[in-house]
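Read off the chains here:
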Amino acid sequence: MRLFIRQIRKIHYQTSRNLTCLQNRTALEQFFQRFVNKNLYRQNKSCFVRPPFQCMHNYCTKTDNPDKPASINQLSPVAFRDALKKANIDRCFILNLDDRIDYSHQILEKLIPLEQLKALEYEHEAIFFEIGARTNSLMAVFIWKTNRGQASGGVDFKYQPNMADFIQHGCRFSKTLGVKCALAGLWSGGGKGIIAAPEEGSKSLASEFRRKAFMDFGEFLTTLNGCFIAGYGVGGSVEDTDTMFSQTRYVSNLSPDYGGSSNSYHYTALGVIKSMEAALTFLNLGTLKGKTVAIQGAGRVGEVIIGELLQKGVANITVSETNSFRAEDVRQTFAEIGSGRLTINKVDAVDTSIFCQPCDIFAPCARGNTLDQYTIPMLDTKIICGSSNFPVHSVDDLELLKKNNILYVTDVVPNRMGIVANSLEMYGRMEDDPELKKHLSYDWEHSIYRTTLRILEAAAEHNIYPKAAADMLGKKLSLEINPWFPGRTQNIIRGLKSSGWNEGRDFWRERWSY
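Residues numbered from 1 in each chain as written. Predicted model: local features only at pLDDT ≥ 70, side-chain atom pairs only at ≥ 80, totals over all residues. Heavy atoms only, no water.

**Focus on the environment of Leu270**
Okay, so step 1: Mapping Leu270 onto the fold places it in helix α10 (residues 265–282).
Okay, so step 2: Residues Leu270 and Asn415, 145 residues apart in the sequence, show an inter-C-alpha distance of 9.0 Å.
Okay, so step 3: Excluding anything up to four places from it in sequence, Leu270 contacts Glu308 and Leu440. (Helix = DSSP H or I, 4+ residues; strand = E, 2+ residues; numbered from the N terminus. Contact = heavy atoms within 4.5 Å.)

Structure below.
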């Protein structure tokens, strides 16, 4: 296994030296075939290691002429940034308001053609780009719909091999957060921030560079005048939001010392439990008592889920965890109450044995995209319900779940409590917040339990996937207008255009002679 990981890292390094995508995919396929031929399949042949090339085929970033890319699939964020700098552009945008799409600069339309943009899940009101003054990093904010209020979402500090992946990631996550907010009854819209991080192993990933990168993003947020409220996302932390807070007030997820909600993992876990109960109700399977559950990941959310399930009388819980220290900590925490009912296995990162565990509920609580054409056939479960974002890899995999009679509780509902907690920060905090608790009730219209049932019922009625049902209901709710500040965020966006934001002008700096 160590040889396998070392070889993957070697090929990844070669990819970063601009070998072609085809060469590296071929190398990965050839190595994986050798890996298989050495009889390194697991004893249970249905539980094999997923071919690595499925996740690596997008590392095609070489461009001969960044000013005229054949496709944004071939344009790296670095090349995109350099093309903007060559044209003396530090800020630019793509707006989609008032029934027209506006590019701030002609070169931006050349670099990101509308036809290619629409193929990347683009249905957004705005995309803003800025180059960080301290780090020269490409930064972006994606804003889906703001009828319900300001866009909110996490800031990902993430390496992306090309601009297609960069843009699709921003579009997909901002839309998902918008649907999540609407289904939760929040007067907020969906957004996503991204800082294009350097490649792994780069010296630029040092802590000082990271601090400056989030300072840059904080200043970026200030210039956007509050149309986007940022928290921490993939590759981020509470410390990073505190760093942004030193440059802007438009942040949430702050540390408790600054009045923030910090990490709301406890409430997130309770939300997952409510969705599990709703799924069991939908299938007429009773309560959690006596059920069996398999959990992928024993992080903070997974640990609380384990505790709650044991309290509710489940018969058996099997957990896989890649961190040996974490596995042992959780094992000791529940040594008494979990005796005879809880099994925690320390596994390698590519281990798939948890998917083969027979259970009533499978809970993905680790990284996303773990459920695909390789792992879904291994499953022996009735329900999938966990805390990870985008656990299902593609639409084809949703069809495979349906064909295998597995009920997938789409992730936009079970794990929503983080965004709920963030939205309440500006209204103060209390120990037992009734605004948080109503999301975990059984009777409130927008509670997690009721929303999960409504999505599953809509999916059955229209013969569609639960994810499609969630999107359908969420999009409808996203059109509702904020009753207190109708149209305010869209007017802020219009104001950025009219005031010359893309030319480096900020009205508030001029007003106060900064």
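So, next bit.
**Some words on the sheet that holds strand β3 (residues 126–131)**
Okay, so step 1: Across the sheet, which stays open at both edges, the seven strands sit in the order β2-β1-β3-β4-β6-β5-β7 with mixed pairing between neighbours. Two strands bound the open sheet, and with one partner strand each, they are β2 (100–103) and β7 (228–232). Across this sheet, the average inter-strand angle for adjacent strands is 15°, counted without regard to direction.
Okay, so step 2: Sheet topology note: the strand β1 (residues 91–97)/β2 ladder contains four bridges and is antiparallel. Considered in β2, the bridge of Ile94 is made with Tyr103.
Okay, so step 3: Running over the sheet, helix α4 (residues 77–86) touches β1, β3, β4 (138–143) and β6 (189–196) and is turned about 80° from β3.
Okay, so step 4: Most of the contacts of helix α18 (residues 488–498) go to β1, to which it runs at about 135°, and overall it touches β1, β2, β3 and β4. (Pairing = 2+ DSSP bridges. Axes fitted to C-alpha atoms, helices over the stretch in contact; angles between N-to-C directions.)

**Details of unusual backbone geometry**
Okay, so step 1: In the Ramachandran plot, Asn405 falls in the positive-phi region, its phi being about 60° despite a non-glycine side chain.
Okay, so step 2: Relative to the elements of secondary structure, Asn405 occurs in the loop between α13 (395–403) and β13 (407–408).

**Focus: the sheet that holds strand β12 (residues 383–384)**
Adjacent strands of a sheet form backbone hydrogen bonds with each other and so pair up, either parallel or antiparallel.
Okay, so step 1: A sheet is described by the order of its strands in space; here six strands give the open sequence β10-β9-β8-β11-β12-β13, paired in parallel fashion. Each of the sheet's edge strands pairs with one partner strand only, and the pair in question is β10 (342–346) and β13.
Okay, so step 2: In this structure, β12 lies alongside β13, joined through two bridges in parallel fashion. Bridge assignment links Ile384 to a residue of β13, and that residue is Tyr408.

**Overview of the packing of helix α11 (residues 300–311) against helix α12 (residues 324–333)**
Okay, so step 1: At a minimum axis separation of 11 Å, α11 and α12 run at an interaxial angle of 20°. The angle between the axes of α11 and α12 places the two elements in the roughly parallel class. Note that α11 runs across α12; the crossing there is right-handed. Touching Arg300, Glu303 and Ile306 of α11 are Arg326, Val330 and Thr333, all from α12.
Okay, so step 2: Within the contact of α11 with α12, the residues separate by chemical class into two nonpolar, one polar and three charged. (Parallel < 35°, antiparallel > 145°, perpendicular 65-115°, else oblique. Left-handed = near helix turned anticlockwise from the far one by under 90°. Nonpolar A, V, L, I, M, F, W, Y, C, P; charged D, E, K, R; others polar.)

**Quick word on the nonpolar core**
Okay, so step 1: The biggest cluster of nonpolar side chains holds 32 residues, and the ones touching the most others in it are Met276, Ile295, Ile305, Ile306, Leu309 and Ile317.
Okay, so step 2: Elements that contribute at least two residues to this core include exactly α10, β8 (292–296), α11, β9 (316–321), α12, β10 and β11 (361–364).
Okay, so step 3: Among all residues touching Ile295, those that are not within four sequence positions of it are Ile305, Ile306, Leu309, Ile317, Thr318, Val319, Ser320, Ile354, Ala363 and Cys365. (Core = buried A, V, L, I, M, F, W, Y, C linked by side-chain atoms within 4.5 Å. Buried < 20%, exposed > 50% of the residue type's maximum accessible area, 1.4 Å probe, protein only.)

**Some words on the packing of aromatic side chains**
Okay, so step 1: Enumeration according to the criterion identifies 13 aromatic pairs in this entry.
Okay, so step 2: For the pair Phe93 and Trp501, a centre-to-centre distance of 6.4 Å together with 35° between the ring planes defines the contact as tilted. Of this pair, Phe93 sits in strand β1 while Trp501 sits in the loop between α18 and α19 (507–511), and the two are 408 residues apart along the sequence. One exposure class covers both Phe93 and Trp501, and it is buried.
Okay, so step 3: Here the aromatic rings of Trp187 and Trp484 are separated by 6.3 Å at their centres, their planes lie at 90°, and the arrangement is edge-to-face. Note that Trp187 is positioned in the loop between α7 (163–183) and β6 and Trp484 in the loop between α17 (466–478) and α18, a separation of 297 residues in sequence. (Phe/Tyr/Trp six-rings, centres within 6.5 Å; stacked < 30°, edge-to-face > 60°.)

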